[in-house]
Amino acid sequence: DTTRHYRFDIRYENVTRLCHTKSVITVNGQFPGPRIVAREGDRLLIKVVNHVPNNISIHWHGIRQLQSGWADGPAYVTQCPIQTGQSYVYNYTIKGQRGTLFWHAHISWLRSTIYGPLIILPRHNSQYPFAKPHKEVPIIFGEWWNSDTEAVITQAMQNGGGPNVSDAYTINGLPGPLYNCSAKDTFKLKVKPGKTYLLRLINAALNDELFFGIANHTLTVVEADAVYVKPFVTNIILIAPGQTTNVLLKTKLHYPNATFLMSARPYVTGLGTFDNSTVAGILEYKTPSKAHKTLKNLQLLKPVLPVLNDTSFATKFANKMRSLASAKFPANVPQKVDRHFFFTVGLGTSPCQNNQTCQGPTNATKFAAAVNNVSFILPTTALLQSHFFGQSNGIYSPNFPNSPLIPFNYTGTAPNNTMVSNGTKVVVLPFNTSVELVMQGTSILGAESHPLHLHGFNFFVVGQGFGNYNPNKDPANFNLVDPVERNTIGVPSGGWVAIRFLADNPGVWFMHCHLEVHTSWGLRMAWVVLDGKLPNQKLFPPPADLPKC
Ligand code: C2O
């Protein structure tokens, strides 16, 4: 196992897309940011140096951070932000994980430009559960706003109802040829005929779940959220913000001179004035062959993507995702449950905070999003520090509510109460608690699915369905054999998902919707996992350079 050193200098850089130039915050001047490549078992030391006026914090999305919660990164949850002129070394070891993840800023909306791939290769002596690909290619989806990100946040926080539509989706930072003034900013993948490529797909977009496909080619899904899955073939994949998916692309033998579009566009359930434009990249066969000249008119074939609200595609796709559950890669699904939780997730309104711009439906309320009707307020110091030093008083309270497990109509069209309360409440779990959590989408005001992301753990998705969760009937159909294991799952609008995880990682772990606008509105909460008895069950003390608030 190796120790790998990286340095992230946070700086402004001018970036031009769609003929608009703006100054954006970058890592090492790159947009998207640099790629981190490591192997399972490696230790990473990443020094982040802040040269901009904004507060900064970086999250290593999907890394379990066993005993190293201080390196997780969400601002005001595991650390205070890195202030101007300061630096912090994120120090962690990659234990028992390999696959595609990503890193991104975890403060305000800075992940709109501060993000990049985090690739964990298998150990030297171990192999993929599929044939070694000819080449590996990270493909990271993002969004581009012509206006300033801060202006976008203000718009989302104040205008409430209106989704903050970006001006383009991007592939590796490039919007592609279907947008105006963008043809030169197109991602091109040059391939050889008859080879297998491993595409590492990452959805780093702020607010949209995406369909992705490549014209005239099929994709074999082999991994989700850095966990191998049972391979399945599909024309199109669906990927939510916060999710990663590895697919194998086998190139054709007989199209040596052709060019194909790969493209992605949003999936939204329900109606909304979402941007339905499409980001595209180009798949180009690089070995020109005179014998196939006639195929030139096949240029720019476009993939057929499902319609914007194809819920049946989404459901079928989700059901195909299964853990490998093999001898070498077992699915350690908790078979017994110590604590059952039932959380509603949805949008609503909440009372204004002092000193906050408040433009909700009435002037004393603001638009909000909540888990069990609590809209989570970030504290002014980090939860993990308060927990570790036993100073939670006035910072957070351990009384996050649980909802009763009774049949109830959460998805009716006329809910009587959309007013939620503000609070900084957490659930406290003893070490090694086996948790089952059912999340019910209430679809009260909005109609999007919520990609819920859990820090510090992978969980198993043991069940999902439309309508209301029925605690008397649904558990009988749970898959406890080969459910997919991941860190981000879409809670369908007007539907539910059930997940299980073992709380074997001491620390404070954030859980939130990975749609940035919903996180900002409060669709977030935290789990505090207490230390176990043995030394390897305890959180290490904080590093000396941990930023102060
Ligand atoms: Cu990728 Cu808390 O986030």
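Residues numbered from 1 in each chain as written. Predicted model: local features only at pLDDT ≥ 70, side-chain atom pairs only at ≥ 80, totals over all residues.

**Q** I would appreciate a short explanation of the domain arrangement of the protein in the present structure.
**A** Interfaces are often sized by the amount of accessible area the parts lose when they come together. Assigned domains of the protein: these are domain 1 (1–127), domain 2 (130–323) and domain 3 (339–537). Taking only C-alpha atoms, the centre of domain 1 and the centre of domain 3 are 25 Å apart. Contacts between the two partners involve 15 residues from domain 1 and, on the opposite side, 17 residues from domain 3. (Domains from an automatic or database assignment. Contact = placed C-beta atoms within 7 Å.)

**Q** What is the right way to look at the environment of I489 in this model?
**A** Secondary-structure assignment places I489 in strand 29 (residues 488–491). Judged by C-beta crowding, with 28 C-beta atoms within 10 Å, I489 ranks as buried. On a C-alpha basis, the gap between I489 and L454 in space is 9.1 Å, while along the polypeptide they are 35 residues apart. In contact with I489, not counting residues within four places along its chain, are P451, L452, V461, V497 and I499. (Helix = DSSP H or I, 4+ residues; strand = E, 2+ residues; numbered from the N terminus. Buried ≥ 20, exposed ≤ 12 C-beta atoms within 10 Å, placed from the backbone.)

**Q** Could you clarify how one ought to interpret the sheet that holds strand 8 (residues 115–121) in this entry?
**A** Two orientations exist for strands paired in a sheet by backbone hydrogen bonds: parallel and antiparallel. Read from one edge to the other, the open sheet built from four strands follows the order 3-8-7-5, with strand pairing classed as mixed. Looking along the sheet, the strands with just one partner apiece sit at the ends: strand 3 (36–39) and strand 5 (58–61). The mean inter-strand angle of the sheet, taken between neighbouring strand axes irrespective of direction, is 20°. Bridge analysis of strand 5 against strand 7 (residues 99–105) gives four bridges, and the strand direction is antiparallel. The residue of strand 7 that forms the bridge with H61 is F102. (Pairing = 2+ DSSP bridges. Axes fitted to C-alpha atoms, helices over the stretch in contact; angles between N-to-C directions.)

**Q** Mind showing me how you'd approach unusual backbone geometry here?
**A** Across the chain, the bulk of peptide bonds are trans and the bulk of non-glycine residues have phi less than zero. Cis rather than trans, the peptide bond between F31 and P32 has omega equal to -10°. Its location among the elements puts P32 in the loop between strand 2 (20–27) and strand 3. With a phi angle near 45°, S108 is a residue other than glycine that sits in the positive phi range. With respect to the secondary-structure elements, S108 resides in the loop between strand 7 and strand 8. Residue S108 is classed as partly exposed on the basis of its C-beta count, with 18 C-beta atoms lying within 10 Å. Its identity is not glycine, yet A226 carries a phi of approximately 65°, on the positive side. Residue placement: A226 occurs in the loop between strand 14 (219–224) and strand 15 (227–234).

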